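# Residue-level structural notes
Chain residues, written in single-letter form:
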Amino acid sequence: MGSPLLVDLELDSISDRNALTRFLDRQGMILDADVEFAAAVMDEGEIVAAGGFAGDVLKGLAVDSSRRDQGLMAWIVGRLKTEERLRDRRRLFIYTQPKNREVFGGLGFVPIATTATTMLMEDRPRAFQEWVRSVDEFASKRDDISETRRTALVLNANPFTLGHRYLVEQAAASSESVFIFVVDEDLSVFPRDLRIRLVRAGTEDLANVRVVPGGPYIISRSTFPTYFLKESRVINREHAALDAEVFASRIAPALGIVRRMVGEEPLCPVTAAYNQALAERLPRSGITFEVVARKESDREPISASRVRRLAAEERYDELQPLVPRHTLEFLASAEAKPILARIRERLR
Amino acid sequence: MKILRTAVAGTLESSDVLITVRNNPEGALTLEIESVVMKQFGTQIRRVVEETLAELGVSAGIIEIEDRGALDCMIRARLQTAISRAGGNDVEPWRSDR
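## A short note on the pattern of salt bridges
When charged atoms on two side chains of opposite charge get close, those side chains can pair. On inspection of all chains with the given rule, the structure shows 40 salt bridges over all chains. In this structure, the salt-bridge partner of Arg85 of chain A is Glu66 of chain B, at a minimum N-O distance of 3.1 Å. Of this pair, Arg85 of chain A sits in helix α2 (residues 72–86) while Glu66 of chain B is found in strand β4 (residues 61–67), placing the two residues in two different chains. Residue classification places Glu66 of chain B among the buried positions, given a relative accessible area of 7%.

Below is the structure:
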C-alpha cells in the first residue's frame, strides 16, 4: 500500500472518466451523465475511493471494499462539500442505501426519509424544520397539529390555467383549508416567481387557500431528479416512491395535511406514474388521495401544454376559455414576449 | 477584514472543522454551528469563533461551522484561513498567529 492521495478528476478527460467508470462498475454502480464534478482517492495509480455531484446531489460515492474504515469517505465528502460551498450551494443531498446511514451520519448527514431500498439524506440537520416554519410559522408552535385538516395540492402551474383553478375550487369547497405547493425548481419555461404570482392572483378570492413555494422537499431536482427529464419518458420508480415517502412521513404530519388531490393525468406518463406512487403510499399514513377528472373545454382537457402552444401563437381568443383573467393579461403583456419566444423555440 | 467572496477552509475529518464564510448582502454577522460535540462544547465553539472574528475585525458575513471535534486552536486557524481567502487581493499574506 502506497500513500493515498486525494485528487480532483477531469471529467472531460477520457482516461479519468474511464478510470472512474471502471471503479464504480466494480462497486456495482454507474456514473450518472449529469455528474459535473468528481474527486477520487488514488493509491498506486488506482482509484480506491470516489464521489461526485450533480447540482446539490452527491453521487457515485464509494470506497473500495479493501479500504473501508480508513476515513477515505470523509476525504471525498469533505472535498465535494468544499467545492459545493464554493458554488454557493448551502444544502446537499445524498441518495444511498439504508445500511449506509451510519457512514454518512458520521459526516453530518441526517435522513429525510427512507423506503425499503433507498434513503434520502441532507447535510443540514435543522433544514427540514426551518422549511416547515417558513411555510407555516405556527406549525411548530401549535399544540396539536393533528387537529388541523388540510388538503394539499402540488402544482407546477406552467402557467396557471382554469384546469388548475377547477382543481383548487374542488379542494377549497370540500376542506377546511388548502395548501398549494408550487414546484420550486426553475426548469420550466415560466420562471418560478412568475408561476407563484399567477397562482396567487388566480386564487386570491378563495379565503381558505394558501400558495407557498414547494421548496426542496416536493418534486425538486434533489428529491425527484428524473421528474425533470420528462422528455426522456423515463421515470425512476425509486425517486417517485421516495418523494411520496417524504410527503407522507414528514410533510403531512408536520403541516396537518390529511388529503392530497391531483388532477387526472391521461397525457404524461411520468406524472401518471408519480400519481400511482402517491396512490400506493399515502393511504398507508391515513392520507386520503383523490384524483379529480380534468376540466375540459371543447371536449379537450385543459392542460398547461395546450395553453403554451396557443400562447406561442398568440391566439388570445382561443386562450380566453382556458386561463383565468390574470394569466391571460400576463400572456398578452410585453413582459410575456421573451417567454413566448422561448416556447416557440422549444416547440420547433 | 471584509468577506468579499465565498471561501472554505478545513476538512470533515475527525478532530477537524470545515468552515465556509460568505458575503452577507444584508450586512449582518450570522453564525451557523453544527458539531458532533454540540451539547458539550457548543458554547465554547461559539465563543472561539466570535473572539476570532472580533480579532480579525470581521463584522459582517455568514459563517458556517461544521465541526468534527476540532480543538480551539484548530477552529481559530481554519477560520483565519477562510477569512483571509475570502478577503480578495487586498489582504496581506498570513504571517503568524500571535
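## As for the environment of Leu6 of chain A
Residues and elements named next belong to chain A. Within the secondary structure layout, Leu6 lies in strand β1 (residues 5–8). Each C-alpha atom of the pair Leu6 and Arg299 lies 62 Å from the other, and the pair is 293 residues apart in sequence. Contacts of Leu6, omitting those with residues within four sequence positions, involve Ala40, Val41, Trp75, Ile76 and Arg79.

## Some thoughts on the interface of chain B and chain A
The partner chain A presents 17 residues to the 16 residues of chain B that form the contact. Notably, a salt bridge pairs Arg90 of chain A with Glu64 of chain B, separated by 2.9 Å at the nearest N-O pair. Between chain B and chain A we count eleven residue pairs in polar contact (both at pLDDT 80 or more) in total. Only β1 (7–10), β2 (17–22), β3 (29–35) and β4 of chain B provide two or more residues apiece to the side of chain B that touches chain A. Tallied by class, residues from the side of chain B that touches chain A come to six nonpolar, three polar and seven charged.

## Some details on the pairing of strand β5 (residues 93–96) of chain A
Residues and elements named next belong to chain A. On β5, burial covers both faces: Phe93 and Tyr95 on one face and Ile94 and Thr96 on the other are all buried. As paired elements, strand β4 (residues 57–63) and β5 share two bridges and run parallel to each other. Within β5, the residue paired with Val57 across the bridge is Phe93. Between the parallel pair β4 and β5, the chain is carried across by α2, and the sense of this crossover is right-handed. Note that β5 and strand β7 (residues 119–122) share four bridges and pair antiparallel. What sits directly across from Tyr95, in β7, is Leu120.

## Quick word on the sheet that holds β1 of chain B
Pairing is mixed across the open sheet formed by four strands, whose spatial order is β1-β2-β4-β3 (chain B). A single partner strand is all that each edge strand has here, and the edge strands are β1 and β3 of chain B. Neighbour-to-neighbour, the strand axes of this sheet turn through a mean angle of 10 degrees, independent of strand direction. Relative to β4 of chain B, β2 of chain B runs antiparallel, the two sharing six bridges. Within the sheet, the bridge partner assigned to Val21 of chain B lies in β4 of chain B and is Ile63 of chain B. On top of the sheet, α2 of chain A reaches β1, β2 and β4 of chain B; it is set at about 160 degrees to β1 of chain B, its chief contact. Its contacts with the sheet put helix α2 (residues 72–86) of chain B on β1, β2 and β4 of chain B, and the angle it makes with β2 of chain B is roughly 30 degrees.

What counts and how
- Residues numbered from 1 in each chain as written.
- Chains lettered and ligands numbered in written order.
- Predicted model: local features only at pLDDT ≥ 70, side-chain atom pairs only at ≥ 80, totals over all residues.
- Heavy atoms only, no water.
- Salt bridge = Lys/Arg side-chain N within 4 Å of Asp/Glu carboxyl O.
- Helix = DSSP H or I, 4+ residues; strand = E, 2+ residues; numbered from the N terminus.
- Buried < 20%, exposed > 50% of the residue type's maximum accessible area, 1.4 Å probe, protein only.
- Contact = heavy atoms within 4.5 Å.
- Polar contact = N/O pair within 3.5 Å; in protein donor to acceptor, adjacent residues only side chain to side chain.
- Nonpolar A, V, L, I, M, F, W, Y, C, P; charged D, E, K, R; others polar.
- Pairing = 2+ DSSP bridges.
- Right-handed = clockwise from strand over helix to strand, strands pointing away.
- Axes fitted to C-alpha atoms, helices over the stretch in contact; angles between N-to-C directions.

From the geometry alone we can't say anything about function, so treat these as descriptive.
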